[in-house]
Amino acid sequence: MSTASVTARPGAVLADLLPSSRVRDAALVLGGAALTGLAAQIAVPVPGSPVPVTGQTFAALLVGSALGARRGVAALAVYAAAGLAGVPWFAQGGSGLSVSFGYVLGMLLAAAAVGALARRGADRSPLRMAGTMLLGEAIIYAVGVPYLALAADMSATTAIAAGLTPFLIGDALKAALAMGVLPTAWKLTNKS
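Note that this is a predicted model, so its numbers are computed, not measured. (Residues numbered from 1 in each chain as written. Predicted model: local features only at pLDDT ≥ 70, side-chain atom pairs only at ≥ 80, totals over all residues. Heavy atoms only, no water.)

1. Description of helix α4 (residues 69-84)
Between its first and last C-alpha, α4 extends 22 Å over 16 residues, near the 22 Å set by a 1.5 Å rise per residue. Taken together, the buried positions of α4 are occupied by R71, G72, A75, L76, Y79, A80, A82 and G83. In this fold, the buried residues of α4 make contact with α2 (22-40), α3 (56-67) and α5 (101-119). Of the residues trailing α4, G86 is marked for its positive phi of about 120°. (Helix = DSSP H or I, 4+ residues; strand = E, 2+ residues; numbered from the N terminus. Expected span 1.5 Å × (residues − 1). Buried < 20%, exposed > 50% of the residue type's maximum accessible area, 1.4 Å probe, protein only. Contact = heavy atoms within 4.5 Å.)

What follows is the structure in structure tokens.
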């Protein structure tokens, strides 16, 4: 299938611009998992919180948007499964279950949501991309913060203070960055 015929159909995501094959899909899934693992190593500890600021959520949301829901979820599932199996690519070289594993689970759901929205064109305009990223971040927190509260035996208020509030400014910056990345990629391909 040629690139032109792939992009002509409604619902294409950036990954669909590459020639279609199972090898392509496997490489994209493994590459998405690896990108998320590498981005998780960009970590800054937050005083008073067991959860650091990382590039992990940004990468996971970009993976979901660029690969679409099915491949994005597969990439995040590989990332989660490998990290649980001992690959040290969770935040700060961690692996296995931790108090922040709920955020990884939230990334799976967020990849599905942002990937589905990207198939509807949300990745092609800056404003829609910002909204898509903020929705993805909200999904990650909706799973991650309650998990943090349970795993760390925190009250809801303490979990919000430790696992949400310190990250809001950084998430706004990530959304702003995403406003340019994917829409610009579409413009560079002249396919939007």
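2. As for the packing of helix α6 (residues 126-151) against helix α7 (residues 156-163)
Running from N to C, α6 and α7 cross one another at 120°; their axes reach a closest spacing of 9 Å. Of the possible angle classes, the one that applies to α6 and α7 is oblique. In this structure, α6 crosses over α7, and the sense of that crossing is right-handed. In this structure, α6 uses Y141, V145, L148 and A149 to contact α7, whose residues at the interface are A159, I160, A162 and G163. (Axes fitted to C-alpha atoms, helices over the stretch in contact; angles between N-to-C directions. Parallel < 35°, antiparallel > 145°, perpendicular 65-115°, else oblique. Left-handed = near helix turned anticlockwise from the far one by under 90°.)

3. Some thoughts on the packing of aromatic side chains
Tallied over the entire structure, the rule returns five aromatic pairs. Note on Y79 and W89: the rings are 5.3 Å apart at their centroids and 45° apart in plane angle, and the pair reads as tilted. Residue Y79 is found in helix α4, and its partner W89 is found in the loop between α4 and α5; the two are separated by ten residues along the sequence. The exposure class assigned to W89 is buried, which follows from its relative accessible area of 17%. Ring-pair connections join several aromatic residues into one group, and the members of that group are Y79, W89, F90, F101 and Y147. Across the ring face of W186, the terminal group of R124 is positioned such that the distance to the ring centre comes to 3.7 Å. (Phe/Tyr/Trp six-rings, centres within 6.5 Å; stacked < 30°, edge-to-face > 60°. Lys NZ or Arg CZ within 6 Å of the ring centre and 35° of its normal.)

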